[in-house]
Amino acid sequence: MSSDLNAILEPGMFVRHPDQPQWGTGQVQSNIGGRITVNFPDEGKVVIDGRFVTLTPVFDPS
């Protein structure tokens, strides 16, 4: 279900969770071994298993 798109995610990049749009745009904190930690403004810090969820990069978070 996931793709290698998660592999490009680096700390500081902005993303959205495809199944949780209410969380808003989050900022990647780390991406280690397919476990991506993202800080979402409306949900807080979430660790996402990149094997099951492909995060959507946001290139213009404003």
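For the structure itself, consult the block above.
Bear in mind that the values here come from a model prediction, so they are computed numbers and not experimental data.

Observations concerning the overall build of the chain
And step 1. Counting its secondary structure elements, the chain contains zero helices and five strands.
And step 2. Helices (α) and strands (β) of the chain occur, in sequence order from the N terminus, as β-β-β-β-β.
And step 3. For 62 residues, the compact-globule estimate of 2.2 N^0.38 gives 11 Å, and the chain sits close to it at 10 Å.
And step 4. Overall size of the chain, expressed as C-alpha extent along the three principal axes, is 25 × 20 × 20 Å.
And step 5. Out of the 62 residues in the chain, the part that is buried amounts to 32%.
And step 6. A fraction of 37% describes how many contacts in the chain between residues 6 or more apart in sequence connect residues 24 or more apart.
And step 7. When the accessible area of the chain is evaluated, it comes to approximately 3900 Å², of which 52% is carbon and sulfur surface.
And step 8. Side chains of the chain carry 4 positive and 7 negative charges; the gap between the two charge centres is 7 Å.

Details of the sheet that holds strand β1 (residues 14-16)
And step 1. Spatially, the five strands line up as an open sheet ordered β4-β3-β2-β1-β5, and their pairing is antiparallel. The open sheet has two edge strands, β4 (44-49) and β5 (56-58), and neither has a second partner. Pairs of neighbouring strands in the sheet enclose a mean axial angle of 40°, with direction left out of account.
And step 2. When β1 meets β5, the two strands line up antiparallel, connected through three bridges. The residue of β5 that forms the bridge with valine 15 is proline 57.

Examining the nonpolar core
And step 1. Counting eleven residues, the largest nonpolar core is built from Leu9, Val15, Trp23, Val28, Ile36, Val38, Phe40, Val46, Ile48, Val53 and Leu55.
And step 2. Mapped by element, the contributors of at least two residues to this core are β3 (35-40) and β4.
And step 3. Of all the elements, β3 adds the most residues to this core, at three residues.

Comments concerning the pattern of salt bridges
And step 1. Evaluation of the coordinates by the stated rule reveals one salt bridge.
And step 2. Among the ionic pairs, aspartate 49 bridges to arginine 51, the shortest N-O distance being 2.7 Å.

Section: the pairing of strand β2 (residues 26-32)
And step 1. Strand direction decides the pairing type here: β1 and β2, joined by two bridges, are antiparallel. Bridged to valine 15 within β2 is glycine 26.
And step 2. Counted along the chain from β2 to the antiparallel partner β3, the turn is two residues long, and its residue glycine 33 has a positive phi close to 60°.

Focus on the side chain of histidine 17
And step 1. Among the structural elements, histidine 17 can be located in the loop between β1 and β2.
And step 2. Within the structure, the side chain of histidine 17 is placed 3.0 Å from the backbone nitrogen of aspartate 19, a separation counted as a polar contact.
And step 3. Leaving out residues up to four positions away in the same chain, histidine 17 has contacts with Trp23, Phe40, Ile48, Val53 and Leu55.

Criteria and thresholds
- Residues numbered from 1 in each chain as written.
- Predicted model: local features only at pLDDT ≥ 70, side-chain atom pairs only at ≥ 80, totals over all residues.
- Heavy atoms only, no water.
- Helix = DSSP H or I, 4+ residues; strand = E, 2+ residues; numbered from the N terminus.
- Rg over C-alpha atoms; globule rule 2.2 N^0.38 Å.
- Buried < 20%, exposed > 50% of the residue type's maximum accessible area, 1.4 Å probe, protein only.
- Contact = heavy atoms within 4.5 Å.
- Areas by Shrake-Rupley, 256 points an atom, 1.4 Å probe, with all protein chains shown as cover.
- Lys, Arg positive; Asp, Glu negative; His and termini not counted.
- Charge placed at Lys NZ, Arg CZ, Asp CG, Glu CD.
- Pairing = 2+ DSSP bridges.
- Axes fitted to C-alpha atoms, helices over the stretch in contact; angles between N-to-C directions.
- Core = buried A, V, L, I, M, F, W, Y, C linked by side-chain atoms within 4.5 Å.
- Salt bridge = Lys/Arg side-chain N within 4 Å of Asp/Glu carboxyl O.
- Polar contact = N/O pair within 3.5 Å; in protein donor to acceptor, adjacent residues only side chain to side chain.

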